[in-house]
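Okay, here's what each chain looks like letter by letter:
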Amino acid sequence: GFASVWGLHQCGIRSSVAVMGTACSDEQAAAIASLVKPAGRVWAMPNENEPGRRLATAVLLGVSPHRSVRWARLGREDAQPTDLSPEEVKARFSP
């Protein structure tokens, strides 16, 4: 959560939020969508484990009716965003 947002910020990803948990409520999804311009994109970058996959699925289902959403996969089981180098992080955010 917080450590991942801080790590993303250090990698140059300045607009990020932590959902803090393994679910994304309708209220959280609406709040996330409200932070992004209609033509913008939301990226989900959870931990690469079963709880993280549940969270990413919840974000995709909750936010996608309002904004474009992409899932930035980490590429290895049990990885966390803070495990990646700045170059690896930036590569995950390419279209």
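What you are looking at is a predicted structure, and each value in this text was computed from that prediction instead of being measured. (Residues numbered from 1 in each chain as written. Predicted model: local features only at pLDDT ≥ 70, side-chain atom pairs only at ≥ 80, totals over all residues. Heavy atoms only, no water.)

S.K.: How should I be thinking about helix 3 (residues 50–63) in this particular structure?
M.R.: Residues that lie three or four places apart on an α-helix share one face, since the helix turns once every 3.6 residues. With 14 residues, helix 3 extends 20 Å from end C-alpha to end C-alpha; this agrees with the ideal 20 Å at 1.5 Å per step. Within helix 3, burial applies to Gly 52, Leu 55, Ala 56, Ala 58, Val 59, Gly 62 and Val 63. All buried residues of helix 3 project into a common sector of 160 degrees when viewed along the axis, lining one side. Where helix 3 is buried, its residues touch helix 2 (26–34), strand 1 (41–44) and strand 2 (68–71). Its side-chain oxygen 2.8 Å from the backbone nitrogen of Gly 52, Asn 49 forms the N-cap of helix 3. (Helix = DSSP H or I, 4+ residues; strand = E, 2+ residues; numbered from the N terminus. Expected span 1.5 Å × (residues − 1). Buried < 20%, exposed > 50% of the residue type's maximum accessible area, 1.4 Å probe, protein only. Arc of directions from axis to C-beta. Contact = heavy atoms within 4.5 Å. Polar contact = N/O pair within 3.5 Å; in protein donor to acceptor, adjacent residues only side chain to side chain.)

S.K.: For this particular structure, what's the right way to read the environment of Gln 80?
M.R.: Turning to its location among the elements, Gln 80 is positioned in the loop between strand 2 and helix 4 (86–92). When the C-alpha positions of Gln 80 and Leu 55 are compared, they lie 13 Å apart, and in sequence the two are 25 residues distant. Residue contacts for Gln 80: discarding those within four places in its chain leaves Asn 47 and Leu 74.

S.K.: Explain the pattern of salt bridges to me, please; I cannot follow it from the model alone.
M.R.: Any two side chains of opposite charge can pair if their charged atoms end up close together. Applying the stated criterion to the full structure yields 4 salt bridges. Where Arg 73 meets Glu 48, a salt bridge forms, and the shortest distance between an N and an O atom there is 2.6 Å. Highlighted residues: Arg 73 in the loop between strand 2 and helix 4 and Glu 48 in the loop between strand 1 and helix 3, separated in sequence by 25 residues. Between Glu 50 and Arg 53 there is a salt bridge, with the nearest N and O atoms lying 3.6 Å from each other. Taken together, the residues Glu 50 and Arg 53, both in helix 3 and 3 residues apart, mark about one turn of the helix. Because the salt bridges share partners, they merge into one network encompassing Glu 48, Glu 50, Arg 53, Arg 73 and Glu 77. (Salt bridge = Lys/Arg side-chain N within 4 Å of Asp/Glu carboxyl O.)

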